[in-house]
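# Structural overview for review
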Amino acid sequence: MGRYSVHTARKRLICVQRELHNDRKTYRSFDVYNLGRYERQWWQMDRLKGADEEHRATVLKFFHALPITYAPNPLLHGTKGGAYVHVDSIDSLLTFTELTEISRAASAAGAKNLIVLSWEFEMDLRKRAQALEAELSLIIQLKYSPREIMESNRDEIQFFDAGALEARAIAEYRNGKTTVDVQLVNFYPSLTEVPGKELEALRERAIKSPFDFIDFWAVDFEHEDNQPFVHHWQDFRTRKDRSLKTQSTSEWIYNAPGIKRICVKVIDVFGIDTTQVIEVTI
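Overview of the structure. (Residues numbered from 1 in each chain as written. Predicted model: local features only at pLDDT ≥ 70, side-chain atom pairs only at ≥ 80, totals over all residues. Heavy atoms only, no water.)

### Notes on the overall build of the chain
Our working definition: For helices the rule is a DSSP run of H or I covering at least 4 residues; for strands it is a run of E covering at least 2, with both sets numbered from the N terminus onward. Each radius of gyration reported is based on C-alpha atoms, and the globular scaling rule is 2.2 Å times the count of residues to the power 0.38. In this description, contact between two residues means that some pair of their heavy atoms is separated by no more than 4.5 Å. Where accessible areas are quoted, they stem from the Shrake-Rupley method and a 1.4 Å probe; at the residue level, only the protein chains shown are allowed to cover. None of His or the chain ends enter the tally, which takes Lys and Arg as positive and Asp and Glu as negative. Positions of charges follow a simple convention, taking NZ of Lys, CZ of Arg, CG of Asp or CD of Glu.
Within the chain, the regular secondary structure consists of six helices and 13 strands. Since a compact globule built from 282 residues should have a radius of gyration of about 19 Å, the 21 Å found for the chain is in line with a globular shape. Counting contacts in the chain only where the partners sit at least 6 residues apart, residues at least 24 apart contribute 61% of the total. Within the structure as shown, the chain displays about 16,000 Å² of accessible surface, and the carbon and sulfur contribution to it stands at 49%. In the chain, which carries 38 positive and 41 negative side-chain charges, the distance between the mean positions of the two groups comes to 5 Å.

Structure representation (structure tokens):
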């Protein structure tokens, strides 16, 4: 059931595919799907009687935040450690437009710190939030509401930060054709809620050696919105081989010129996905 167990199974299936490919045997493709909001909506209707207020109260309880009785703004639902807390709705993806509205509400209420809890975040939102932090002099933390909240026997839950990824396309002209690969430039992992000293040590390591936190990454060279991610190339760590490439070796060739969209997906050691879409002109 756990996020990381699904990720481990994915790596093992890819290893089987590679072995069969090297032995020139047939094998099937596969994909990993997240039930996402449909699973959460069922949980809300079944356990919380469909109430948004009950959902917010449940998330705040697991996050050990205090609910606000008389909030200065309807977008601010709780407090924790001097920060305002916003709990996003159960079936939505938090966008930059929404984050801007929440951040301005927190700033107007005199906040210096804001924590936003959401089940899903818009792509690249952690990077885009930096502009809001500078404009409003506000520290913004984006944290995933973990699916483990929905398990009835859970008492303690770990919340993870939304990660940030920076990658770039590398195009080379060879023998009359342009080949494209992707290089990882920087990464900030989705650090978990841990005791203060441990968290500081993790943050320091994340700054000095960010790629140490990457367990798996893949590239979809023909990315289209609202379409499944296609693994055209991937690399990952195994128990026997802890090395990891930071540049793909696909030498991808496009059939026609134009602006191409490439999606890069990173899965960190905590099992959290971080993605970025980049463009390259061929």
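Having seen the structure, we can now continue with the description.
### Quick notes on the pairing of strand S3 (residues 83–87)
To keep things clear, this is the line we draw: Any residue under 20% of the maximum accessible area for its type is buried, any over 50% is exposed, and the rest in between are partly exposed; the area is computed with a 1.4 Å probe on protein chains only. A pair of strands counts as paired when DSSP detects no fewer than two bridges linking them. By definition, the crossover connecting two strands over a helix is right-handed if that path, from the first strand to the second, turns clockwise as seen with the strands pointing away from the viewer.
Within S3, five of the five residues are buried, which leaves it mostly tucked inside the rest of the structure. Turn length for the strand S2 (residues 78–80)-S3 hairpin, with the two strands adjacent in sequence and antiparallel, is two residues, and the turn residue glycine 81 shows positive phi of about 55°. Of the pairings in the sheet, the one linking S3 to strand S4 (residues 113–118) comprises four bridges and is parallel in character. Looking at S4, one finds that valine 87 is bridged to leucine 117. Traced from S3 through helix H4 (residues 96–108) to S4, the parallel crossover comes out right-handed.

### Topic: the packing of aromatic side chains
To describe a pair of aromatic rings, you give the distance between the ring centres and the angle between the ring planes. Which entries qualify depends on this criterion: Classification of ring pairs rests on two measures: the distance between centres of Phe, Tyr or Trp rings, Trp counted by its six-membered ring, which must be within 6.5 Å, and the angle between planes, read as stacked under 30 degrees, edge-to-face over 60 and tilted in between. Geometrically, a lysine NZ or arginine CZ counts as sitting over a ring once it is within 6 Å of the ring centre and also within 35 degrees of the ring normal.
Applying the stated criterion across every chain, the model contains eight aromatic pairs. Members of the aromatic cluster, joined through ring pairs, are Phe221, Trp252 and Tyr254. When the ring centre of phenylalanine 216 is taken as origin, the NZ or CZ atom of arginine 10, which lies over that ring, is 5.3 Å away. Against the face of phenylalanine 213 rests arginine 205, its NZ or CZ located 5.6 Å from the ring centre.

### With respect to helix H3 (residues 52–62)
For H3, every residue scored as buried is listed here: His55, Thr58, Val59, Leu60 and Phe62. The inward-facing, buried residues of H3 contact helix H2 (37–47), strand S1 (66–67), S2, S3 and S4. Immediately downstream of H3, the backbone of histidine 64 shows phi near 60°, a positive value.

### Notes on unusual backbone geometry
At arginine 24, a position not held by glycine, the phi torsion is positive, near 60°. Locating arginine 24 in the fold gives a position in the loop between helix H1 (3–22) and H2. Not every positive phi belongs to a glycine, and aspartate 124 is a case in point at roughly 70°. Along the chain, the position of aspartate 124 falls in the loop between S4 and helix H5 (125–136).

### Considering the nonpolar core
The cut-off we apply is this: To define a nonpolar core, start from buried Ala, Val, Leu, Ile, Met, Phe, Trp, Tyr and Cys residues and group those joined through side-chain atoms within 4.5 Å.
Leu99, Val182, Trp217, Phe221, Ile262 and Val264 are the most contacted members of the largest nonpolar core, which has 46 residues in total. Leave out the neighbours within four places in its chain, and valine 264 touches Leu165, Ala167, Val182, Leu184, Trp217, Ala218, Thr274, Thr275, Gln276 and Ile278. Trp43, Phe62, Phe63 and Ile157 belong to the second-largest nonpolar core, a separate cluster that totals 18 residues.

### Considerations on the pattern of salt bridges
To be explicit about the condition: For this analysis, a salt bridge means a side-chain nitrogen from Lys or Arg found within 4 Å of a carboxyl oxygen belonging to Asp or Glu.
Enumeration according to the criterion identifies 17 salt bridges in this entry. A salt bridge links glutamate 122 to arginine 128; the shortest N-O distance between them is 3.6 Å. Overall, the relative accessible area of 39% leaves arginine 128 in the partly exposed class. With its nearest N and O atoms 2.6 Å apart, the salt bridge here joins glutamate 172 to arginine 174. Through salt bridges that share partners, Glu39, Arg147, Glu151 and Arg154 make up one connected network.

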